[in-house]
Amino acid sequence: MQPMPKDYNHAEIEAKWQARWEEMGINRYDWNDKTRVPFSIDTPPPYPSGELHMGNVLNWTYFDMVARYKRMQGFNVLFPQGWDCHGLGIEIQVEKANNIRKRDLPPDQFRGMCMALVEKYIAMMKEGILKLGASIDWTTEYKTMNPDYWRRTQLSFILLYQKGYMYQGTHPVNWCTRDETAIADAEVDHVKKEGMLHYIKFYLAGTDEYLLIATSRPEFIPACVAVEVNPNDERYSKYVGRKISVPLMNREVTVIADEAVDPKFGTGAMQICTYGDKEDVKTVIKHKLPVIRLITQNGQISEAGCKYAGLYVNQARAAIVEDLKAAGLLEKSEKIQQEVGVCERCKSLVEILEVKQWFMKTRELTQKVEENANAIPWYPDYMKNRLIDWAKSLDWDWVISRQRLFATPIPVWYCKGCGEIIVAKPEWVPIDPKLEGPRIDACPKCGGKEFRAEQDVMDTWMDSSITCAVHAGWPDRADWQRLFPASMHPSGTDIIRTWAYYLMVRHLALFGERPFNSVLINGMVLGADGRKMSKSLKNYAAAPEALSKNGADAVRQWAAGGGATGSDIPYRIQDVEYGRRFLVKLWNASGFACNLLAKFDPKDTTEPDYQLLDKWIISKTENITKKVTESFERCQFNIALEDIRNFFWHVFCDFYVEAVKDRLYRPEAYGKANVAAAQRTLYEVLYRMLQLLAPVIPHMTEEIYQYMYKDGKGYPSIQVSQWPKFNPALVDEAAEKDGDLVAAVMSEIRRDKAENKKPLNAPIKNLAVTCKDEAAAKAIRQAEADIKSTLKIEAMTVQVGTADGRQVAQYEVYIKAEY
Ligand SMILES: [Zn+2]
Ligand SMILES: [Zn+2]
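Residues numbered from 1 in each chain as written. Chains lettered and ligands numbered in written order. Predicted model: local features only at pLDDT ≥ 70, side-chain atom pairs only at ≥ 80, totals over all residues. Heavy atoms only, no water.

### Considering the sheet that holds strand β15 (residues 378–379)
Reasoning step 1: One open sheet holds the three strands; their spatial order is β15-β23-β22, and the pairing between them is parallel. Every interior strand has two partners, whereas the edge strands, β15 and β22 (489–492), have only one.
Reasoning step 2: Bridge count between β22 and strand β23 (residues 519–522): four bridges; the pairing is parallel. Across the sheet, the residue bridging to glycine 492 is asparagine 522, located in β23. (Pairing = 2+ DSSP bridges. Helix = DSSP H or I, 4+ residues; strand = E, 2+ residues; numbered from the N terminus.)

### Details of the sheet that holds strand β29 (residues 813–818)
Reasoning step 1: The mixed open sheet is built from four strands, whose spatial order is β27-β26-β29-β28. Each edge of the sheet is formed by a strand with only one pairing partner; in this case those strands are β27 (793–800) and β28 (806–807).
Reasoning step 2: Sheet analysis places strand β26 (residues 764–771) next to β29, joined by six bridges and oriented antiparallel. Looking at the pairing, leucine 767 lines up with alanine 817 of β29.
Reasoning step 3: Contacts between helix α21 (residues 733–755) and the sheet are confined to β26, β27, β28 and β29, with β29 contributing the most and set at about 40° to the helix.
Reasoning step 4: On the sheet, helix α22 (residues 774–782) packs against β26, β27 and β29 and is oriented at approximately 160° with respect to β27. (Contact = heavy atoms within 4.5 Å. Axes fitted to C-alpha atoms, helices over the stretch in contact; angles between N-to-C directions.)

### A word on the coordination of the zinc ion (ligand 1)
Reasoning step 1: Only Cys176 (SG), Asp179 (OD), Cys343 (SG) and Cys346 (SG) from the protein reach the zinc ion (ligand 1) as donors, at distances of 2.0 to 2.3 Å.
Reasoning step 2: Coordination at the zinc ion (ligand 1) is tetrahedral: its four donor atoms span angles of 100 to 118° at the metal.
Reasoning step 3: Ordering the donors of the zinc ion (ligand 1) by residue number gives the pattern C-x2-D-x163-C-x2-C. Placement of the pair is aspartate 179 in the loop between β5 (166–176) and β6 (181–183) and cysteine 346 in the loop between β13 (330–343) and β14 (350–360), with a sequence separation of 167 residues. Like aspartate 179, the residue cysteine 346 is buried in the burial classification. (Donors = N, O, S within 2.8 Å, 3.2 Å for Na, K, Ca; no water. Tetrahedral: all angles 85-135°; square planar, octahedral: opposite > 155°, others 65-115°. Buried < 20%, exposed > 50% of the residue type's maximum accessible area, 1.4 Å probe, protein only.)

### A few points about the coordination of the zinc ion (ligand 2)
Reasoning step 1: At 2.2 to 2.3 Å from the zinc ion (ligand 2) lie its protein donor atoms, namely Cys415 (SG), Cys418 (SG), Cys443 (SG) and Cys446 (SG).
Reasoning step 2: Each of the four donor atoms bound to the zinc ion (ligand 2) contributes to angles spanning 100 to 116°, and the resulting shape is tetrahedral.
Reasoning step 3: Every donor residue of the zinc ion (ligand 2) comes from the same chain, spaced as C-x2-C-x24-C-x2-C. Of this pair, cysteine 415 sits in strand β18 (residues 412–415) while cysteine 446 sits in the loop between β19 (421–423) and β20 (451–453); the two residues are 31 residues apart in sequence, bridging distant segments of the chain.

### Things to note about the side chain of asparagine 174
Reasoning step 1: Mapped onto the fold, asparagine 174 is located in strand β5.
Reasoning step 2: Owing to a relative accessible area of 5%, asparagine 174 belongs among the buried residues under this scheme.
Reasoning step 3: At 2.9 Å, the side chain of asparagine 174 forms a polar contact with the side chain of aspartate 185.
Reasoning step 4: With near-sequence residues (within four places) excluded, asparagine 174 lies in contact with Thr181, Ala182, Ile183, Ala184, Asp185, Val188, Val350, Glu351 and Trp396. (Polar contact = N/O pair within 3.5 Å; in protein donor to acceptor, adjacent residues only side chain to side chain.)

### Thoughts on the packing of helix α3 (residues 88–98) against helix α4 (residues 107–132)
Pairs of packed helices are described in terms of their axes, by the angle between the two and the distance that separates them.
Reasoning step 1: The interhelical angle for the contact between α3 and α4, taken along N-to-C directions, is 105°, at an axis separation of 9 Å. Comparing the axis directions of α3 and α4 gives the class roughly perpendicular. Note on element contacts: α4 touches α3 through Phe110, Met113, Cys114, Leu117, Val118 and Tyr121, opposite Ile90, Glu91, Gln93, Val94, Glu95 and Asn98.
Reasoning step 2: Split by residue class, the contact of α3 with α4 holds eight nonpolar, two polar and two charged. (Parallel < 35°, antiparallel > 145°, perpendicular 65-115°, else oblique. Nonpolar A, V, L, I, M, F, W, Y, C, P; charged D, E, K, R; others polar.)

### Notes on helix α2 (residues 54–72)
Reasoning step 1: Between its first and last C-alpha, α2 extends 27 Å over 19 residues, near the 27 Å set by a 1.5 Å rise per residue.
Reasoning step 2: Of all the 19 residues making up α2, 19 are buried; the element is thus mostly covered by neighbouring parts of the structure.
Reasoning step 3: Looking one or two residues beyond α2, the residue adopting positive phi is glycine 74, at roughly 100°. (Expected span 1.5 Å × (residues − 1).)

### Overview of the nonpolar core
Reasoning step 1: If you look at the biggest cluster of nonpolar residues, it comprises 139 residues, and the most contacted ones within it are Met54, Trp558, Phe652, Met708, Ile780 and Ile787.
Reasoning step 2: Once residues lying within four places of it in the same chain are set aside, the contact partners of phenylalanine 652 are Ile617, Phe647, Val657, Leu682, Val685 and Leu686.
Reasoning step 3: Formed by 117 residues, the second largest nonpolar core is a distinct cluster that contains Tyr142, Trp175, Leu211 and Val229. (Core = buried A, V, L, I, M, F, W, Y, C linked by side-chain atoms within 4.5 Å.)

### Overview of the pairing of β18
Reasoning step 1: Because side chains alternate across β18, one face comprises the buried residues Val412 and Tyr414, and the other comprises Trp413 and Cys415, equally buried.
Reasoning step 2: Bridge count for β18 against β19 is three bridges, and the pairing is antiparallel. Following the sheet pairing, tryptophan 413 is matched in β19 by isoleucine 422.
Reasoning step 3: As defined by bridge partners, β18 adjoins β20 across three bridges and the pair is classed as antiparallel. Pairing of cysteine 415 across the sheet is with phenylalanine 451, part of β20.

### Looking at the packing of aromatic side chains
Reasoning step 1: Scanning the model with the defined rule gives 37 aromatic pairs in all.
Reasoning step 2: Consider the rings of tyrosine 62 and phenylalanine 637, whose centres lie 5.0 Å apart with planes at 55°: the pair is tilted. Of this pair, tyrosine 62 sits in helix α2 while phenylalanine 637 is found in helix α17 (residues 637–665), placing the two residues 575 residues apart along the sequence. In this structure, tyrosine 62 and phenylalanine 637 share a single accessibility class: buried.
Reasoning step 3: Relative to tyrosine 705, the ring of tyrosine 687 lies with its centre 6.3 Å away and its plane at 35°, an arrangement referred to as tilted. Placement of tyrosine 687 in helix α18 (residues 672–693) and of tyrosine 705 in helix α19 (residues 698–708) is noted, with a sequence separation of 18 residues between them.
Reasoning step 4: Feature note: the residues Tyr47, Trp398, Trp461, Trp499, Tyr501 and Tyr502 constitute an aromatic cluster, connected by ring pairs.
Reasoning step 5: Directly above the aromatic system of tryptophan 17 lies the positively charged group of arginine 20, at a separation of 4.8 Å from the ring centroid.
Reasoning step 6: Note that lysine 626 overlies the ring of phenylalanine 726, its terminal NZ or CZ placed 5.4 Å from the centroid. (Phe/Tyr/Trp six-rings, centres within 6.5 Å; stacked < 30°, edge-to-face > 60°. Lys NZ or Arg CZ within 6 Å of the ring centre and 35° of its normal.)

These figures capture arrangement, not role.
Pasting the structure below:
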């Protein structure tokens, strides 16, 4: 066995192993291996957004612990990595950084700027992920902005169109007027905001009677299509069916009745506008009301707004309030707290516009989503409800078209003659319809020869919600179903409603099968103060800095142990520092064991004569193996790590290593078989600890393995060593019980030395141990030699008798030391 150096340089050693593992190919999935069972992780391709942040560190540590654990269990692990490049976020950054709007430049040039920014961000994130030691198979790397990936996204669109899941329709959609695009429900954030509630007089036609209507959006008055009351509301029921004048507008609408109106809300009478909110949409459909298109795609008032046309929404609101006041139609205005929908990306108020868009029929899959979510394990289990509740809450189908540039094009053209929709054939993709016409001679319907390209592009979630099939090799590998469904889909609490949901509906629709067989959920990373981590709150921790300073093995311990799986966890520097202290202990204790085992040959065939403390630690090691394995199986990383760290530090190091030192330092004083037992036990138990720690602390465990175990165990890396199997035959309850007593006696003697202000290695002239029963005395006598040598006891007596001296905590055993 090679002696280990005293110092450990994490930066150097972590980088060394990251490179070596890559060279050795141990992170690679073997596509040709037909013997090992595959285990595939549906790594979510992240949005490249700059440097790796602590939330990413938490995610990738989770993915990596699973990958390493499964690899050691003998699975052929696929741990892929892609980048979800497209999207509004990047476009907005390019616009802001260059002080331009997307239409100021030729589309290709704008796209090129987006791609350059994404490449820069990918490089930054990748550096962080490599530093963390994530055991990714980099041969799988893909970028959704590349045409080869477009091909997959476009093919999935075509197949879904053929199956009847994709349709074009003019429906109300969420619309961001700043970004001038449709957005999905999942991209709308709901925020609390202060607003003004205006009480406005709506006169019944030809009378001087009026209804008072409270609204926070008076700018919608020009789009008022009805006034609605509850039919059981005695104040208003007499007006149902009557005509009522729209204030400031020279027109009338009808008072309609609907039990959905809450008489206690506002004044109990509501204006229905197209569209103030989602409720208006429902009412318009139910009562077959006309639609007035008031707001344009860039947030101005349309011609329908008469004198307000051309104003932006905020300007129109102010102008209308002024006019209402002047006309004596505004009774009062009061401040209110309200919840409004804003664009997830740019935080502008979301409007509801009726525009022609492409949709995917997702709502008809809701029941299947629920069934499949219920059919698989979720870690933690309660998170499945977030997916199910979200799916059930959706009122509208998924709008998949966007009016942007940096995205996968929708592979569609329209016949200029008859408007026929021409969808690309599977063999045409990847294709950009704006650059190339359909590969047909004439319109199949009217024979026309001229076509207009679809200008819209796809929602970026259309790219990323087919990853389970793509990772498996679809559509290029004939055997892609070997890896489908993915074994595990890891996701964050913040993306269940997008990632997990869209993956579910896309794959169910495309293949009639759920995309993954289990889900692992991580929480969010908070600042040390428990608030959301943010640079402006000064509680932000930069991941590259944390990794460089502390090393990946220490930061990974924070991620693994910082909190229960699925819960939000604060980034506490104390957790990282505890991780560092543990690493120091692990390195020093291993180096010490390495010295103690200098003369040990793992191939030595001497039959060991196991002593009480040997049997005690062997049995405990089996039990901890069982516990840690169960925790990894349930993805309870924090429990696994705490159990193993406590055991290593406070049982193995504090007692066992101390107790066998003498046998190994002075083998001549003990029998050969007795020494062999100490050697074999120390060697195997430490190996087991390293293996159990390897998924969380891959670098240092590898370094120690190479010094101490590579020759004896024969694996090129601890990462491909076989995960230990619990062996019930080695569990020895009696030895554990007796050994626990011995450990307690040793602790008590240490306490006695400390209280008498003696150093730990101070000799004790005489130690008298008095036990209440013979069984305890027998146990202590069995370990007498180890106790004496560990605590420098010159003479020791063990007898059964009445209490004498200080009590050993929790035992009817007493000790009396003479120094
Ligand atoms: Zn926006
Ligand atoms: Zn035609």
